[in-house]
Each structure stands twice: as C-alpha cells, then as structure tokens.
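Read off the chains here:
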Amino acid sequence: MKAQPTASHFIDGAYVEDTAGAVIDVIYPATGAVIARLHEATPALIDRALAAATRAQGQWAATRPVERARILRRAADMIRDRGEELAQLETLDTGKPVQETRVADWPSGADALEYFAGLAPTVTGETIPLGGDFVYTLREPLGVCVGIGAWNYPSQIACWKSAPALAFGNAMVFKPSEVTPLGALKLAEIYIEAGLPAGLFNVVQGRGAVGGALVTDPRVAKVSLTGSVPTGRKVYAAAAEGMRHVTMELGGKSPLIIFDDASLEDAVGAAMMANFYSAGQVCSNGTRVFVQKGIKDAFLSRLKVRAEAMVLGDPLDDATQMGPLVSDVQLAKVMGYIDTAKTEGARLVTGGARAALNTGYFVQPTVFADVTDDMTLAREEVFGPVMAVLDFDTEEEAITRANATEFGLAAGVFTADITRAHRVIGQLQAGTCWINAYNLTPVEAPFGGMKASGVGRENGHAAVQHYTQVKSVYVGMGPVDAPY
Ligand code: NDP
C-alpha cells in the first residue's frame, strides 16, 4: 500500500521537493508499513513559502470578500465530491477507521470552508459618532499566518486554520505534524483547483524545528497551533518575542460528570464516544468520567458489555469501529499509562492490553474504575482509549474535583435535571461544554480552552477576532483646534 504524494511540500501553487531535507517516513499505523517517504523543509524552502505568502497576501486582502468566499465554497464542494478518496487517505495517514474519516475529518473541514465563506462578506467595521467628527473602524487581515497541526485530526486542523485565515484576507503557511503529513498537501491541491491564487496556502513539512523557524520569522503576523501544552508554552513564548497574535489549541483532561438521574444508555454511549473515538486521540475527550455513586455499578456493567463488543481491526474495513494508535511512540506512551494505573491501584474493568491483532499499534478499549484524583491517570493526558471512572457523592464535590486541574479545554454533564445541568456548567472551568451530549464540535460553535488548554477560539464568529485586527480611523470634520 502506497500513498506517496507528488512531492513533500506545496509552495506558491505547486508541489516542490528538496531531498536535502531529513527523511520523514510515513507509517500506516495498522501495519507499521512505510506508505510514503517525504523530506523536511530546508531553510531555503521555508523562506520560499513565507516569501510566496507575503507576496500573495496583499492582493488577496484587496479582493472582494464575496470572491474569496466563492473560492472557499468551491473548495468545500470539491472536498465533498472527493469524500471517499480523501477519507481513505486520512485513514492511511492516521490509522482511524474509514467509518470515522468518512463522516468526521474532511467533512468537518469542508464545513469550516463553507462556514467561513459565508462569514467573509459579513465582516464589517462600525461607525462611532462624536457629534460632528466621527470614528470608523476597519477589520483588516493580519497578514501571513502560520498554522501548525497535531497528528490526530490532520486534515480537519488544516481546514479549521486555513478557512478563517483565507476568508478574512490572510495567507497561510501550514506545517502538519510529521507523523501525518499527507492530508494538508491534498488541501493545498484542492485550493488551487478551486481557484485560490498561488502562494496563499503553502504546506511545508518538518519536525518541531521547522515549526520553530516559522514561528520566529519576522514576516509572520500570527501563529495558530494545535498541539500539547508543553509545545504550546514554547510556541507561545517564541511568538511573543515578535508580538505575534496566537491561537493555542492545546491538550486537556476534561471531566464528564454523570449524575444518578441521567439516562444510563446515553451516559454510557457518551462516555465511550468521549474516550474511544479515534482510539481516544481527541484533545477534548472526557477522560475523567465522574459517576455519581447511585448509578456507578449499573454504569460500569453496561460500559463493560458495550466496550467488549467494539470491533477493532483493519481501519479500511467498513465494519471496523476502532483502529490503532497513530504510532509506536504513542503505543508505548499509552501502555505506560495503563501499567502505571494498575500499579497505582486503579481497578481494571476491561481491556488493559494490546489488542490481539497481528500487526499495528492497537490497544483494547480500556476502562479503569475506582480512580482517585491523585492517580497519574486522573492528572495526565493519555491520548489513547483509556477511560478513568471516578465516583462522587454531591454536586459541589463533583464541581470542585472537576476544576482541580491545570487544564480547561472541555467538560460535560449528564443529568435529567435541567437547572442542575446549567448550574453545574456555569461553574466548570472549561472553554467547550456539553449538556447531555459529548464531543460534538460543529463549526458554528466556538471551540477552545481555558487555563493551560489554550488561548483564543477556533470556529464560530469568535474566529473573526483571531484572524483580523481593528483599525480605528478618526475623521475630523471641522477646523483643527490647536492651542499654539
Ligand atoms: P505536539 O505538541 O507534540 O506537536 C504539535 C505540533 O507542533 C506538531 O506539528 C509539532 O511538530 C510542532 N512542534 C513541536 N515543537 C515545536 C516547536 N518548538 N515550535 C514549533 N512547532 C513545534 O502535539 P502532537 O502532535 O503530539 O498532538 C497531540 C496533542 O495535541 C495533544 O496534547 C492534544 O491534546 C493536542 N490537541 C489539541 C487540540 C485542540 O484543539 N485543543 C486538538 C487536537 C490535539 P512535530 O510533531 O513534527 O514535532
């Protein structure tokens, strides 16, 4: 199986190769086979990408918003028309089952292109009367934006970052994670075919150092990163040197609080979606499942039955519900967390081992009960199919414990009591919350974290502020009143 792209990078409207860059082998996580070989961007290529973006951006900013919108909408249609081909490529790049990549990854990306195409012509300033004189404001693009992606939703991330950037008149240089470099190249191809002028969306491959070079380049006005908290800290600090705008979409250890009165089947289903979708490699996952004591036993026994019925296997098979982890590195990390949970006294309910498949980085859907707040499993982001179930007595206790973390990305509440649902959500320190649902992230809704989980928001109207800046213009209508 091969998924070799035309070349490693896409710069100024065309594929570009430079074999002088260090090799990046792309591994299909279900087999461990090398499916493509790419090269990291050399400093010369990074410079070319930034130069192309800088050159193209001025003209693009002067293009009517409806014209920018038309191109983005055309690209969204092309993504949908090629849905199956793109889903398969995403599966090869990430190991996620086609069951997911057909409905979640590129489709969510296409939604973002369509959504921001719709918003582009609505972005306007305001007029502020001053009794004769007045001020008007303009919302202007930032300039050249850098997007840096994580490996868990590579194509969605490329779309979520580039769509608002382009819609509002910016250019972008995007660096995918070196673990999943393929989808962003397809997006660059599609943009060009949809009519986007060359140079506005460029893809350069590489590891952290390539990202680092982009973040500190004087031509860059903004950096949007999706990644872990430690990387976020580094990138935020580097961007601050140049006073650059940032969006930081980072990790989490999000609470999902299930009260006694919740629908059992819905709560179990949501907890599974919140821990096993994409083999648990989702930043907003509800990985601390707080279950009220009255429902705990019923919850765990139903969860065990449903988790053990999950179908693991070949991600390209329509029937497969869960694929492997993205890499051998991630596999080792997740197995380490499972071992630590056992050592620290968590009770294994199901799973807890590598899945009995002959190849690939598969881990069984795993549930630990009787997890306490001090255990590593309750404190650190695992990024694998490992659910920690903690129990609680009172609402106040659940809120206090849910907030006792440096993270603040997401949170969920399951209860039949609507006033309690809103009361609890009102006290949770998380940027993205759900009531009687979990992990649904429509592009219409702002997405992002509080506390160490991030800065800024993607999607929704909120994204306008993060890809534009305000210019305020004072207009004098009378004589200048100078005291000299
Ligand atoms: P990392 O933080 O390891 O990497 C993220 C990206 O940053 C990668 O492209 C990486 O390159 C790059 N990078 C690493 N170091 C630097 C640097 N010094 N300067 C610039 N760029 C750098 O995250 P993962 O790829 O491992 O993704 C998993 C993490 O992402 C999890 O913590 C998860 O929670 C988070 N995430 C957050 C989401 C959100 O929206 N809040 C959504 C999805 C994931 P390379 O990998 O090539 O080294």
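What counts as what
Numbering of residues starts from 1 in each chain and follows the order in which that chain's sequence is written. Under the rules for a predicted model, residues below a pLDDT of 70 receive no local features and side-chain atom pairs below 80 are neither given nor counted, while totals for whole chains, interfaces and linings still include all residues. Neither water nor hydrogens contribute to the side-chain values; these are computed over all heavy atoms in the structure. Near residues are defined by distance, with any heavy atom within 4 Å of the molecule or strand qualifying the residue. Any pair of nitrogen or oxygen atoms within 3.5 Å is treated as a polar contact; in protein, a donor-acceptor pairing is required on top of that, and neighbouring residues in sequence qualify only through side-chain atoms on both sides. Note that accessible areas follow from Shrake-Rupley with a 1.4 Å probe, and for residues the cover is restricted to the protein chains shown. Within this scheme a cavity is a closed region of a 1 Å grid, computed over the protein atoms alone, that accommodates a 1.4 Å probe without allowing it to escape, whereas a pocket is open but has protein on both sides within 12 Å along at least five of seven lines; lining residues each have an atom within 4 Å of a point. A pocket or cavity is taken to hold a molecule when more than half of that molecule's atoms are within 2 Å of the pocket's grid points. Among buried residues, those of type Ala, Val, Leu, Ile, Met, Phe, Trp, Tyr and Cys that are joined through side-chain atoms within 4.5 Å constitute a nonpolar core. Whether a residue is buried, partly exposed or exposed follows from its accessible area with a 1.4 Å probe, protein chains only, as a fraction of its type maximum: under 20%, in between, or over 50%, in that order. What makes two residues a contact is simply this: any of their non-hydrogen atoms within 4.5 Å. Residues enter a patch when their relative accessible area is above 30% and they make no salt bridge; the linking distance is 9 Å between like charges and 5 Å between nonpolar side chains (Val, Leu, Ile, Met, Phe, Trp, Tyr). One speaks of a salt bridge when a side-chain nitrogen belonging to Lys or Arg is within 4 Å of a carboxyl oxygen belonging to Asp or Glu. Under the DSSP-based scheme used, a helix requires at least four consecutive residues in state H or I and a strand at least two consecutive residues in state E, with every element numbered from the N terminus. The rule for pairing is simple: two strands pair if DSSP sees at least two bridges between them. Every axis corresponds to a line fitted to the C-alpha atoms, with the helix fit spanning only the stretch in contact, and the corresponding angles, defined between N-to-C directions, vary from 0 to 180 degrees. Whether a crossover is right-handed comes down to one check: with the strands pointing away from the viewer, does the path from the first strand over the helix to the second run clockwise; if it does, it is right-handed.

Engineer: Can you tell me about the site of the ligand, naming the residues and giving the values?
Structural biologist: Near the ligand you find 28 residues, and of these E178, T231, L250, C283 and E381 are the closest. One of the side-chain N or O atoms of K175 is found 3.0 Å from an oxygen atom in the ligand. E178 is positioned with one of its side-chain polar atoms (N or O) 2.4 Å from an oxygen atom of the ligand. Surface burial for the ligand is 85%, taken as the share of its 910 Å² of free accessible area covered by protein chains. Among the cavities detected, the one that contains the ligand is the largest pocket.

Engineer: Residue-level account of the nonpolar core, with values.
Structural biologist: With 159 residues, the main nonpolar core has F201 and F299 as its most contacted residues. Excluding residues within four positions of it along the chain, F299 makes contact with I258, L264, A267, V268, A271, V289, V291 and V389.

Engineer: Can you break down a nonpolar patch on the surface residue by residue, with the values?
Structural biologist: Taken together, the side chains of I128, L130 and Y474 present a nonpolar region at the surface, about 290 Å² in accessible area. With respect to the secondary-structure elements, Y474 resides in strand β20 (residues 468-475). In this structure Y474 comes out as exposed when scored by relative accessible area, which is 53%.

Engineer: Break down the sheet that holds strand β5 (residues 127-129) for me, with residues and values.
Structural biologist: Spatially, 3 strands are ordered β5-β6-β20 in an open sheet, and the strand pairing comes out antiparallel. The outermost strands of the open sheet, each flanked by one partner alone, are β5 and β20. Shown here is a sheet whose adjacent strand axes are inclined to one another by a mean of 20 degrees, direction ignored. When β5 meets strand β6 (residues 134-141), the two strands line up antiparallel, connected through 3 bridges. Among the inter-strand pairings, I128 is bridged to a residue of β6, identified as V135.

Engineer: Let's hear about unusual backbone geometry: which residues, and what values?
Structural biologist: A positive phi angle is found at S278, which is not glycine, with a value near 55 degrees. Along the polypeptide, S278 turns up in the loop between α9 (264-276) and β13 (288-292). You will see that N439, though not glycine, has its phi angle at about 65 degrees, which is positive. When you line up the elements, N439 lands in the loop between β18 (432-435) and β19 (454-455).

Engineer: Go over the pairing of β18, please, and point to the residues and values.
Structural biologist: Here β18 shows a clear split, with T432 and W434 buried on one side and none of C433 and I435 buried on the other. Alignment of strand β17 (residues 410-414) against β18, held across 4 bridges, turns out to be parallel. Each bridged residue has a counterpart across the sheet, and for A411 the counterpart in β18 is C433. Tracing the backbone out of β17, into helix α14 (residues 418-427) and back to the parallel element β18 gives a crossover that is right-handed.

Engineer: Which residues make up the pairing of β17, and what values go with them?
Structural biologist: Taken across its 5 residues, β17 has 5 buried, putting it largely inside the fold. Residues of β17 alternate between two faces, with A410, G412 and F414 on one and A411 and V413 on the opposite face, all of them buried. In this structure, strand β12 (residues 255-258) lies alongside β17, joined through 3 bridges in parallel fashion. Of the residues in β17, the one forming a bridge with I257 is V413.

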